[in-house]
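A structural walkthrough
Here's the letter readout for the chains.
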Amino acid sequence: MRNLATYASQLRAVADALEAQSESQGDPLAPHPDTLKVLNSRHTKRGQLNYAVPDVLQLQRRIRRCNADTEIPHGDIVALALDAWLRAKGYPPNLKQLGDQTP
């Protein structure tokens, strides 16, 4: 029978490395400083974003409620949420183009 102690210690090392990596990244839903800079700029060019989403998720109602509670504009709520999710999935914006949008 094989000695599995070596494999167990390797698995523990991998688990420790993954845990350390996930802890160092912070909150993936926290607004990125570059995104906040763009949203706070008066000169930010804006475009319409239209997608059919499931009604059962009540996204429009929830966005309106969040706006009422926080006074964050509807478009900024959507931009913050999508930007955080896309960055967390490994799709950050092109920083060169982002620099062109700031004053």
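A brief structural summary.

A look at the overall build of the protein
Assigned secondary structure in the protein consists of five helices and zero strands. Ordered by position in the sequence, the α and β elements of the protein form the string α-α-α-α-α. Burial status across the protein gives 12% buried among its 103 residues. Look at the contacts in the protein between residues 6 or more apart in sequence, and 66% of them connect residues 24 or more apart.

With respect to the packing of helix H3 (residues 59-70) against helix H4 (residues 74-88)
The interhelical angle for the contact between H3 and H4, taken along N-to-C directions, is 110°, at an axis separation of 9 Å. What the angle tells us is that H3 and H4 run roughly perpendicular. Pair H3 / H4 crosses with right-handed handedness. Contacts between H3 and H4 involve Ile63, Arg64, Cys66 and Asn67 from the former and His74, Ile77 and Val78 from the latter. Split into classes, the residues belonging to the contact of H3 with H4 amount to four nonpolar, two polar and one charged.

Focus: the side chain of Asp83
Positionally, Asp83 belongs in helix H4. Asp83 gets classed as buried once you look at its relative accessible area, which sits at 15%. At a separation of 2.5 Å, a polar atom in the side chain of Asp83 contacts the side chain of Thr35. When neighbours within four sequence positions are excluded, Asp83 is seen to be in contact with His32, Thr35 and Pro93.

Calculation rules
- Residues numbered from 1 in each chain as written.
- Predicted model: local features only at pLDDT ≥ 70, side-chain atom pairs only at ≥ 80, totals over all residues.
- Heavy atoms only, no water.
- Helix = DSSP H or I, 4+ residues; strand = E, 2+ residues; numbered from the N terminus.
- Buried < 20%, exposed > 50% of the residue type's maximum accessible area, 1.4 Å probe, protein only.
- Contact = heavy atoms within 4.5 Å.
- Axes fitted to C-alpha atoms, helices over the stretch in contact; angles between N-to-C directions.
- Parallel < 35°, antiparallel > 145°, perpendicular 65-115°, else oblique.
- Left-handed = near helix turned anticlockwise from the far one by under 90°.
- Nonpolar A, V, L, I, M, F, W, Y, C, P; charged D, E, K, R; others polar.
- Polar contact = N/O pair within 3.5 Å; in protein donor to acceptor, adjacent residues only side chain to side chain.

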